[in-house]
Amino acid sequence: MTASGPRFDQALNTLAAWALALLWFLPLAYAIWTAIHPAAYEARFDLFAPLTADNFVKAWEAAPFARYFLNTVILVTMILIGQFILCTLAAYAFARFTFPGRNILFALVLLQLLVMPDILMVENYQTMRLLGLVDTIPAIALPYIASGFGIFLLRQTFMTIPKELDEAARIEGASFLGVLWRVYIPLAKPTYLAYGLVSVSHHWNNFLWPLIVTNSVDTRPVTVGLSIFSAIDSGIEWSVINAATLMTSGPLLIAFLLFQRQFVQSFMRAGIK
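Just so you know, these numbers come straight off a predicted model, no measurement behind them.

With that settled, consider the overall build of the protein chain. When helices and strands are counted, the protein chain shows 13 helices and zero strands. Taken from the N to the C terminus, the helices and strands of the protein chain come in the order α-α-α-α-α-α-α-α-α-α-α-α-α. Here the C-alpha atoms of the protein chain give a radius of gyration of 23 Å, more than 25% beyond the 19 Å that 2.2 N^0.38 yields for 273 residues. For the protein chain, the C-alpha atoms occupy an extent of roughly 70 × 70 × 35 Å along the three principal directions. Among the 273 residues that make up the protein chain, the fraction classed as buried is 36%. Taking contacts inside the protein chain between residues at least 6 apart in sequence as the whole, the part at least 24 apart equals 74%.

The following block contains the structure:
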């Protein structure tokens, strides 16, 4: 009786996990199926249906996806570089320096995690308008340069690094920034990789703020471009729309599959279960 209870719970958990995985995978499977088959097979399954890449060609030619991809790459790169610089300096200060109000300031940083970005969209738009940055890529990036999550994650990682390494580097004549560059950043590379994946994924898929602050093809990222492409009422086929969706989400999926081990390990090392 006592042994069967844990086995039953384990079997139930396994069944629930497989059910959730299936619910997550079915829409992706449908998107892949329709994208690589002719439009006639959108609503029916045929094991011997012919494969085609025409849907991807039609999607690429129907909208300026090359420009959308370029805008998105510039956007996520700009945000990631800014976050790495600001979060690294702030995390290093919170982890290794003692100064008045440190705990209060760190609590204020953590409060950012409780504030939904949507609440600040009106204020952010007014700020971008005053700066003359509306309908520019920097206008999309600036509200996200400072990240409370990134500061917290890097601070947790920096606090696990022995202070003896600081002292050794200082004895050799390294400045505080030299210690940060030669000791802390190299030892925190897995954390930077994991946070980079989270940041790129989030801002690659971000939709509402870019939709509000951009008005032209020259500044739209792929999410906004895809939504406009999907909203065209001119006979666009679901197979073409799904092909465009796979083109925009494929780079993120490939990146996660390549770095998933480092992604999980870095969060566990930082104390996030």
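It is worth spelling out the pattern of salt bridges at this point. All chains considered together, the criterion is met by one salt bridge. Measuring nitrogen to oxygen at the nearest pair gives 3.8 Å for the salt bridge that ties Arg 96 to Asp 166. Within this pair, whereas Arg 96 is found in helix 3 (residues 65–96), its partner Asp 166 is found in helix 8 (residues 163–171), the two being separated by 70 residues in sequence. In this pair, the class of Arg 96 matches that of Asp 166, namely buried.

Empty space among the atoms becomes visible once a probe the size of a water molecule is rolled across them. Approximately 570 Å³ is the volume attributed to the largest pocket. Along the walls of the largest pocket sit 22 residues, with Gln 112, Pro 117, Tyr 144, Ser 147 and His 202 positioned nearest its centre. Going through the elements one at a time, helix 5 (121–131), helix 7 (148–159) and helix 10 (189–205) are the ones with two or more residues in the lining of the largest pocket. Sorting elements by how many residues they give to the lining of the largest pocket places helix 10 first, with five residues. Looking at the lining of the largest pocket, its residues break down into 13 nonpolar, eight polar and one charged. Around the second largest pocket, the lining residues are Trp 24, Pro 27, Leu 28, Ala 31, Ile 32, Thr 245, Leu 246, Ser 249, Gly 250 and Leu 253. Across the lining of the second largest pocket, the residue classes tally to seven nonpolar, three polar and no charged.

Packing of helix 8 against helix 9 (residues 176–187) leaves a shortest axis separation of 10 Å and a crossing angle of 135°. With respect to their mutual orientation, helix 8 and helix 9 come out oblique. Two packed elements cross with a definite hand, and for helix 8 against helix 9 that hand is right-handed. Here Leu 165, Asp 166, Ala 169 and Arg 170 of helix 8 lie close against helix 9, whose contacting residues are Phe 176, Val 179, Val 183, Tyr 184 and Leu 187. Grouping the amino acids of the contact of helix 8 with helix 9 by side-chain chemistry returns seven nonpolar, no polar and two charged.

Before going further, it helps to examine the environment of Thr 214. In this fold, Thr 214 is placed in the loop between helix 11 (208–213) and helix 12 (222–230). Each residue touching Thr 214, except ones within four places of it in the same chain, is listed here: Asp 135, Ile 140, Thr 219 and Arg 220. A distance of 2.4 Å separates a polar atom in the side chain of Thr 214 from the backbone oxygen of Pro 210.

Moving on, we get to the packing of aromatic side chains. The description of an aromatic ring pair rests on the distance of the ring centres and on the angle between the ring planes. By the definition in use, this model includes 13 aromatic pairs. Between the aromatic rings of Tyr 92 and Phe 97, the centroid separation amounts to 5.4 Å while the plane-to-plane angle is 85°, which identifies the pairing as edge-to-face. With a relative accessible area of 28%, Phe 97 lands in the partly exposed category. Here the aromatic rings of Phe 158 and Tyr 184 are separated by 5.3 Å at their centres, their planes lie at 80°, and the arrangement is edge-to-face. Taken together, the residues Phe 158 in helix 7 and Tyr 184 in helix 9 connect sequence positions 26 residues apart. Just as Phe 158 is buried, Tyr 184 falls in that class too. Cation over ring: Arg 155 sits above Phe 106, and NZ or CZ is 4.1 Å from the ring centre.

Here is what the cut-offs are and how they apply
Residues numbered from 1 in each chain as written. Predicted model: local features only at pLDDT ≥ 70, side-chain atom pairs only at ≥ 80, totals over all residues. Heavy atoms only, no water. Helix = DSSP H or I, 4+ residues; strand = E, 2+ residues; numbered from the N terminus. Rg over C-alpha atoms; globule rule 2.2 N^0.38 Å. Buried < 20%, exposed > 50% of the residue type's maximum accessible area, 1.4 Å probe, protein only. Contact = heavy atoms within 4.5 Å. Salt bridge = Lys/Arg side-chain N within 4 Å of Asp/Glu carboxyl O. 1 Å grid on protein atoms, 1.4 Å probe; cavity = no way out; pocket = protein on both sides within 12 Å on 5 of 7 lines; lining within 4 Å. Points joined across faces, edges and corners; volume = space filled by probe spheres on them. Nonpolar A, V, L, I, M, F, W, Y, C, P; charged D, E, K, R; others polar. Axes fitted to C-alpha atoms, helices over the stretch in contact; angles between N-to-C directions. Parallel < 35°, antiparallel > 145°, perpendicular 65-115°, else oblique. Left-handed = near helix turned anticlockwise from the far one by under 90°. Polar contact = N/O pair within 3.5 Å; in protein donor to acceptor, adjacent residues only side chain to side chain. Phe/Tyr/Trp six-rings, centres within 6.5 Å; stacked < 30°, edge-to-face > 60°. Lys NZ or Arg CZ within 6 Å of the ring centre and 35° of its normal.

Keep in mind these values describe shape, not function.
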